[in-house]
Amino acid sequence: MSTFLSFAFAAVLAATPLLFGALGEILTEKSGNLNLGVEGMMFMGGVAGLAGTYYYEKAVGEPNAIVSIVIGLVCAFLCAAFGALIYSVLTITFRANQNVTGLALTTFGTGFGNFFGEVMGNAAGGYVSVGAVTKAAFNDGIPYLEDLPVVGKLLFSYNFLVYLAAACTVILAYFLFKTKAGLNLRAVGENPATADAAGINVTLYKYLATCIGGGICGLGGLYIVMNSANGTGGVWVYNSISGYGWLAVAIVIFCTWSPGKAVLCSLIVGALTVIRYYYPLSFIPAAIYEIFPYIATVVVLIAIIFRKKKNNLPPSSLGLAYFREER
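About the cut-offs
- Residues numbered from 1 in each chain as written.
- Predicted model: local features only at pLDDT ≥ 70, side-chain atom pairs only at ≥ 80, totals over all residues.
- Heavy atoms only, no water.
- Patch = residues over 30% accessible without salt bridge, like charges linked within 9 Å, V, L, I, M, F, W, Y side chains within 5 Å.
- Areas by Shrake-Rupley, 256 points an atom, 1.4 Å probe, with all protein chains shown as cover.
- Salt bridge = Lys/Arg side-chain N within 4 Å of Asp/Glu carboxyl O.
- Helix = DSSP H or I, 4+ residues; strand = E, 2+ residues; numbered from the N terminus.
- Buried < 20%, exposed > 50% of the residue type's maximum accessible area, 1.4 Å probe, protein only.
- Contact = heavy atoms within 4.5 Å.
- Disulfide = S-S within 2.5 Å.
- Axes fitted to C-alpha atoms, helices over the stretch in contact; angles between N-to-C directions.
- Parallel < 35°, antiparallel > 145°, perpendicular 65-115°, else oblique.
- Left-handed = near helix turned anticlockwise from the far one by under 90°.
- Nonpolar A, V, L, I, M, F, W, Y, C, P; charged D, E, K, R; others polar.
- Phe/Tyr/Trp six-rings, centres within 6.5 Å; stacked < 30°, edge-to-face > 60°.
- Expected span 1.5 Å × (residues − 1).
- Polar contact = N/O pair within 3.5 Å; in protein donor to acceptor, adjacent residues only side chain to side chain.

1. Describing a nonpolar patch on the surface
For step 1, the next point in the chain: Taken together, the side chains of Phe82, Leu85, Ile86, Leu90, Phe94 and Phe108 present a nonpolar region at the surface, about 560 Å² in accessible area.
For step 2, the next point in the chain: The greatest single-element share of the nonpolar patch, amounting to four residues, is contributed by helix 3 (residues 65–93).
For step 3, the next point in the chain: Along the chain, Leu90 falls in helix 3.

Take a look at the structure:
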């Protein structure tokens, strides 16, 4: 039982950055924009959040935990949203190819994160790391409640970003399916010409969904950099995102563009990521364990392709530029 609880705890931690990435991409794709730059935006969010908290600590000497959290969140969100804004200008305003632009954003964001991470590390004398107060703020669970037997470990011992990801899931699901603005956004993704004719500002909806979605992806990068379970714990590690952005893109298809299903899919992939630490099998090489999440996503994606149900299909205009003149 103790091993299973530890495994479940680790699976939730591993699933959280994937969930942030998937939620951000779901919001983006619901507007009809296919942004394959999730990996790059996670890099940008991770390095910006770390930089914000690190330089805040240097400026004040004795940091306040809440202020560190707020600065990290804001810097990560805004920097990743800026990357999404670049993508938006190129694909929405100038109507560039969305696939190529998204891949370019991944390349740019990865270079951006690694470059500035190394710059900060060299300036700090070898590597950049936040202090104990900030590390604790990003990694500690809920005081007192986490000490409860069984329930405390399963429900209350996670860092605040885990609960923020859960809150984002509920908010996004409510927004998409229970509000007029969410209905308008889905209309833009399904048929922008019809939405435009109905008086919906297609360009505005696409810009907002893509930039906010990018910012949410950036929070996933911040989580990876700040969370000790991922081996970094407030220290910049070269190529620290390590493919999580691509797994998040696959999860979007895996969950059929549903925020609720994204939680379960992220947990499955997260569990496959950490299973070798808790249930190792001697006849399975460690390298095979490493690719378990990718094998699972490929199998599921193939299954979804062959089961062409209406609910499994992406937004009808996904990946297509909207030309108002052709309405």
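From this point, the discussion proceeds with the structure in view.
2. Comments concerning helix 5 (residues 132–139)
For step 1, the next point in the chain: Considered for burial, the residues of helix 5 that qualify are Thr134, Ala137, Phe138 and Asn139.
For step 2, the next point in the chain: Buried residues along helix 5 sit in contact with helix 2 (38–60), helix 3, helix 7 (160–178) and helix 10 (202–226).

3. Considerations on the state of the cysteines
For step 1, the next point in the chain: The final tally for this structure, using the stated rule, is zero disulfides.
For step 2, the next point in the chain: In this structure Cys75 is a free cysteine whose sulfur lies 8.5 Å from that of Cys79, the closest cysteine sulfur available.
For step 3, the next point in the chain: You can call Cys75 partly exposed: its relative accessible area is 26%.
For step 4, the next point in the chain: By relative accessible area, which is 14% here, Cys79 ends up buried.

4. Some words on the pattern of salt bridges
For step 1, the next point in the chain: With the rule as written, the count across this model stands at one salt bridge.
For step 2, the next point in the chain: Salt-bridge contacts for Arg276 lead to Glu290; the nearest nitrogen and oxygen are separated by 2.5 Å. Taken as a pair, Arg276 in helix 12 (residues 259–278) and Glu290 in helix 13 (residues 286–290) lie far apart in primary sequence, 14 residues in all.
For step 3, the next point in the chain: With relative accessibility at 21%, the residue Arg276 sits in the partly exposed group.
For step 4, the next point in the chain: A relative accessible area of 43% places Glu290 in the partly exposed class.

5. Details of unusual backbone geometry
For step 1, the next point in the chain: Here the phi dihedral of Arg95 falls at roughly 60 degrees; this positive angle occurs in a residue that is not glycine.
For step 2, the next point in the chain: Mapping Arg95 onto the fold places it in the loop between helix 3 and helix 4 (98–123).
For step 3, the next point in the chain: Taking relative accessible area as the criterion, Arg95 reaches 32% and is therefore assigned partly exposed.
For step 4, the next point in the chain: Even without glycine at this site, Trp257 takes up a positive phi of about 60 degrees.
For step 5, the next point in the chain: In this fold, Trp257 is placed in the loop between helix 11 (244–254) and helix 12.
For step 6, the next point in the chain: Residue Trp257 is classed as buried on the basis of its relative accessible area of 6%.

6. Details of the packing of helix 11 against helix 14 (residues 292–306)
A pair of packed helices can be characterised by two numbers: the angle between their axes and the separation between those axes.
For step 1, the next point in the chain: Following both chains from N to C, one finds helix 11 and helix 14 inclined at 30 degrees, their axes separated by 10 Å at the closest point. As the angle between them shows, helix 11 and helix 14 are arranged roughly parallel. Seen from above, helix 11 lies across helix 14 with left-handed handedness. Judged by residue contacts, Leu247, Ala250, Ile253 and Phe254 of helix 11 engage Pro293, Tyr294, Thr297, Val300, Leu301 and Ile304 from helix 14.
For step 2, the next point in the chain: The residue inventory of the contact of helix 11 with helix 14, partitioned by class, reads nine nonpolar, one polar and no charged.

7. Points about the packing of aromatic side chains
For step 1, the next point in the chain: Counting across every chain of the model gives eleven aromatic pairs.
For step 2, the next point in the chain: Between Phe112 and Phe116 the ring centres are 4.8 Å apart and the planes differ by 55 degrees, which places this aromatic pair in the tilted class. One end of the pair, Phe112, and the other, Phe116, are both in helix 4, four residues apart, so they sit about a helical turn from each other.
For step 3, the next point in the chain: Given a relative accessible area of 23%, Phe112 falls into the partly exposed group.
For step 4, the next point in the chain: For Phe116, a relative accessible area of 37% puts it in the partly exposed group.

8. Points about helix 3
For step 1, the next point in the chain: Under the 1.5 Å per step criterion, the end-to-end length of helix 3 is 40 Å for 29 residues, consistent within 8% with the ideal 42 Å.
For step 2, the next point in the chain: With a side-chain oxygen lying 2.9 Å from the backbone nitrogen of Ile66, the N-terminal cap of helix 3 falls on Asn64.
For step 3, the next point in the chain: A positive backbone phi angle near 60 degrees is found at Arg95, which sits one or two residues after helix 3.

9. Details of the environment of Gly24
For step 1, the next point in the chain: Inspection of the secondary structure assignment puts Gly24 in helix 1 (residues 2–30).
For step 2, the next point in the chain: Residue classification places Gly24 among the buried positions, given a relative accessible area of 0%.
For step 3, the next point in the chain: Along the chain, Gly24 and Gly214 lie 190 residues apart, while their C-alpha atoms are 5.8 Å from each other.

10. Structural notes on the side chain of Thr91
For step 1, the next point in the chain: Mapped onto the elements, Thr91 comes out in helix 3.
For step 2, the next point in the chain: Overall, the relative accessible area of 2% leaves Thr91 in the buried class.
For step 3, the next point in the chain: A distance of 2.8 Å separates the side chain of Thr91 from the backbone oxygen of Tyr87, its partner in a polar contact.

11. Details of the environment of Ile251
For step 1, the next point in the chain: Turning to its location among the elements, Ile251 is positioned in helix 11.
For step 2, the next point in the chain: Spatially, the C-alpha atoms of Ile251 and Leu18 are 7.9 Å apart, while their sequence positions differ by 233 residues.
For step 3, the next point in the chain: Beyond its immediate sequence surroundings of up to four residues, Ile251 is in contact with Leu18, Ala22, Ala262, Cys265, Ser266 and Val269.

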